[in-house]
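Chain by chain, the residues run as shown.
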Amino acid sequence: MTSKRLPYFDENTEPLSSRIVTGLHKIGLAMKQQAWQQANEEGLSATQGQILAALVAHGPLTGSELSERLGVTLPTISDSVRVLGEKKLLTKSPDPRHPRASLLTPTEKGATLGARARSWPEFMATALKDLAPEEQRAFFSGVVKMIRTLQEQGLVPVSGMCVTCTHFRPNVREGASPHHCAFVDAPLANDQLRLDCPEHERAAEAARGDLWEQFMRPA
Ligand code: SF4
């Protein structure tokens, strides 16, 4: 079959960035739908499931810490915590760090549901299996950069990511693992960067800018 390149798609294709946004929107809808459906099956709201999952992943947290980690307003967290308490899925105890705050801990049943809620996005892992390793690495690199931009714009919480962590030492050596985590004193490769590290400590705004500059400038 003879074919010649027609200019049709040159003139009738949205910019790549617009089509990436459309794709992310579709993925976001699928994740929301799955979270809602699976939460419903467990008798929870999606936020209640997220709270239990965060408490299982990070250990006891205060309402403010949950609000910051999940990017959900404090009143919404308080409502969900009240319902989870009524369902006997979590308990409150005094926080030794802040006399006026309470630490939230899942009960045994709450921890079981929280562990299940952590696996809700697993359907996405199945979809990612079709990506070759180098495609996964490129995708992950793009995700890190996009989330960091959203964090600096105040659209998602600044938490959990190496590139905003006070322990992160970017591009301190050459080779496959150019970065370093000072918390565990170990080298880090680009595809080992954390997005949700429990040991993350937020660097100050100016230091975050310096970290990013060093991260974007390979040794
Ligand atoms: S403590 Fe966690 S977030 Fe911070 S640099 Fe180490 S691995 Fe990354």
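Residues numbered from 1 in each chain as written. Predicted model: local features only at pLDDT ≥ 70, side-chain atom pairs only at ≥ 80, totals over all residues. Heavy atoms only, no water.

Named according to an unreviewed UniProt entry, the chain is MarR family transcriptional regulator originating from Sorangium cellulosum.

## Some remarks on the domain arrangement of the chain
Just so we agree on the cut-off: For the purposes of this description, domain bounds are those given by an automatic or database domain assignment. Contacts are assigned to residue pairs with any non-hydrogen atoms lying within 4.5 Å of each other. For any pair of parts, buried area is found by adding up, for both, the accessible area (1.4 Å probe) each one loses once the two are put together. Counted as salt bridges are all cases of a side-chain nitrogen of Lys or Arg within 4 Å of a carboxyl oxygen of Asp or Glu. We call two N or O atoms a polar contact when they sit within 3.5 Å, provided that within protein one can donate a hydrogen and the other can accept it, with sequence-adjacent residues counted only if both atoms are side-chain atoms. Polar here means any residue outside two lists: the nonpolar Ala, Val, Leu, Ile, Met, Phe, Trp, Tyr, Cys and Pro, and the charged Asp, Glu, Lys and Arg; Gly therefore counts as polar.
Assigned domains of the chain: these are domain 1 (17–118) and domain 2 (131–215). A straight line from the C-alpha centre of domain 1 to that of domain 2 covers 24 Å. Tallying the contact residues gives six residues for domain 1 and eight residues for domain 2. Counting each side, the surface lost to burial between domain 1 and domain 2 is near 570 Å², with a carbon and sulfur contribution of 54%. On the domain 1 side of the contact with domain 2, His-58, Glu-68 and Arg-69 bury the most area, a combined 70% of that side's loss. Across the pair Glu-68 and Arg-202 runs a salt bridge whose closest N-O atoms are separated by 3.5 Å. The tally of links from domain 1 across to domain 2 stands at one residue pair in polar contact (both at pLDDT 80 or more). Among the residues making up the side of domain 1 that touches domain 2, the classes are represented as two nonpolar, two polar and two charged.

## Some remarks on the UniProt feature "domain: HTH marR-type" (unreviewed entry) in the chain
Just so we agree on the cut-off: UniProt positions are given in the numbering used here, feature names are shortened, and annotations may be inferred rather than shown by experiment. Here a helix means four or more residues in a row that DSSP labels H or I, a strand means two or more in a row labelled E, and each is numbered from the N terminus.
The sites that UniProt annotates as "domain: HTH marR-type" (unreviewed entry) are residues 17–148. Along residues 17–148 the backbone is 70% helical and 11% strand, and the end-to-end C-alpha distance reaches 17 Å.

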